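Chain residues, written in single-letter form:
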Amino acid sequence: SYIGYKRFKRLLKRLPTAQSSGSFSPTASLSLREPSELEAPLLSGPYAEVEALFFAALDDDLRRVNEVSVAETESIETSVALATGGEALLSQEEVAALYCRLAKLRSFMSLNATAVKKILKKFDKNMAGTGREPQLPSVMKRLEAEPFSVCRRRADGMAVELERAMP
């Protein structure tokens, strides 16, 4: 359940159409929430709809990433405790397999953080002429408090513990 980077790019690619032809409807090709379900947009016209859809989709994707990250981190933490406790209850092969699983989780979280950063850069670039403040700094600050970012830090600590447990 990764961040839907391609979906965000499709949404942002439609912005120039709004500027030139006036026939812009981002909901026509994207299966996101209805605009009436979204909070009040900060911009007017077609940009308001894009902004609302963009951030609603980002919130949905982050929720899914958080769910996967938290569940997998908790599962791995239990196994790391077995591998690194006073009595190592896992074989070296099991510890190595656990380390691989942890590496995949760390990669998953890192890729999603990078996707958010890249898509926000594109969003800011496309919205530059609308008078909208850049969103990257505030969203990246918010991202640091998201559960998957907290899990990234926990996963980094578990990696160090497992490295110590392996000969």
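As a starting point, this report considers the structure included with it. Remember, it's a predicted structure, so these values are computed and weren't measured experimentally. (Residues numbered from 1 in each chain as written. Predicted model: local features only at pLDDT ≥ 70, side-chain atom pairs only at ≥ 80, totals over all residues. Heavy atoms only, no water.)

**Describing the pattern of salt bridges**
Alright, step 1. Scanning the model with the defined rule gives 9 salt bridges in all.
Alright, step 2. Residue arginine 7 is joined to aspartate 61 by a salt bridge in which the shortest nitrogen-to-oxygen separation is 2.6 Å. Of the two residues, arginine 7 sits in helix H1 (residues 5-13) while aspartate 61 sits in helix H3 (residues 46-84), which places them 54 residues apart along the sequence.
Alright, step 3. Judged by its relative accessible area of 0%, aspartate 61 is buried.
Alright, step 4. Of the charged contacts, one joins arginine 142 and glutamate 146 as a salt bridge, the two residues approaching to 3.1 Å between their closest N and O atoms.
Alright, step 5. When its relative accessible area of 11% is taken as the criterion, glutamate 146 is described as buried.
Alright, step 6. Here the salt bridges share partners, and the residues they tie into one network are Arg7, Asp61 and Arg64. (Salt bridge = Lys/Arg side-chain N within 4 Å of Asp/Glu carboxyl O. Helix = DSSP H or I, 4+ residues; strand = E, 2+ residues; numbered from the N terminus. Buried < 20%, exposed > 50% of the residue type's maximum accessible area, 1.4 Å probe, protein only.)

**Comments concerning helix H6 (residues 147-165)**
Alright, step 1. The terminal C-alpha atoms of H6, which comprises 19 residues, lie 27 Å apart, in line with the 27 Å expected from a rise of 1.5 Å per residue.
Alright, step 2. The set of residues buried in H6 consists of Phe148, Ser149, Cys151, Ala155, Met158, Ala159 and Leu162. On an axial view of H6, the arc spanned by its buried residues comes to 165 degrees, and they lie on one face. (Expected span 1.5 Å × (residues − 1). Arc of directions from axis to C-beta.)

**Some thoughts on the environment of alanine 71**
Alright, step 1. For alanine 71, the position within the fold is in helix H3.
Alright, step 2. Taking the C-alpha atoms as reference points, alanine 71 and cysteine 151, 80 residues apart in sequence, are found 9.7 Å from one another.

**What to know about the nonpolar core**
Alright, step 1. Grouped together as the largest cluster of nonpolar side chains are 39 residues, with contacts concentrated most on Phe54 and Val116.
Alright, step 2. Those residues within four positions of valine 116 in sequence are excluded, and the remaining contacts are Ile3, Leu58, Leu62, Val139, Met140 and Leu143. (Core = buried A, V, L, I, M, F, W, Y, C linked by side-chain atoms within 4.5 Å. Contact = heavy atoms within 4.5 Å.)

**Some thoughts on the environment of leucine 105**
Alright, step 1. For leucine 105, the position within the fold is in helix H4 (residues 92-126).
Alright, step 2. Judged by its relative accessible area of 5%, leucine 105 falls in the buried class.
Alright, step 3. Counting along the chain gives 32 residues from leucine 105 to threonine 73, while the straight-line C-alpha distance between them is 7.7 Å.
Alright, step 4. Apart from the residues within four sequence positions on either side, leucine 105 is in contact with Ser69, Glu72, Thr73 and Ile76.

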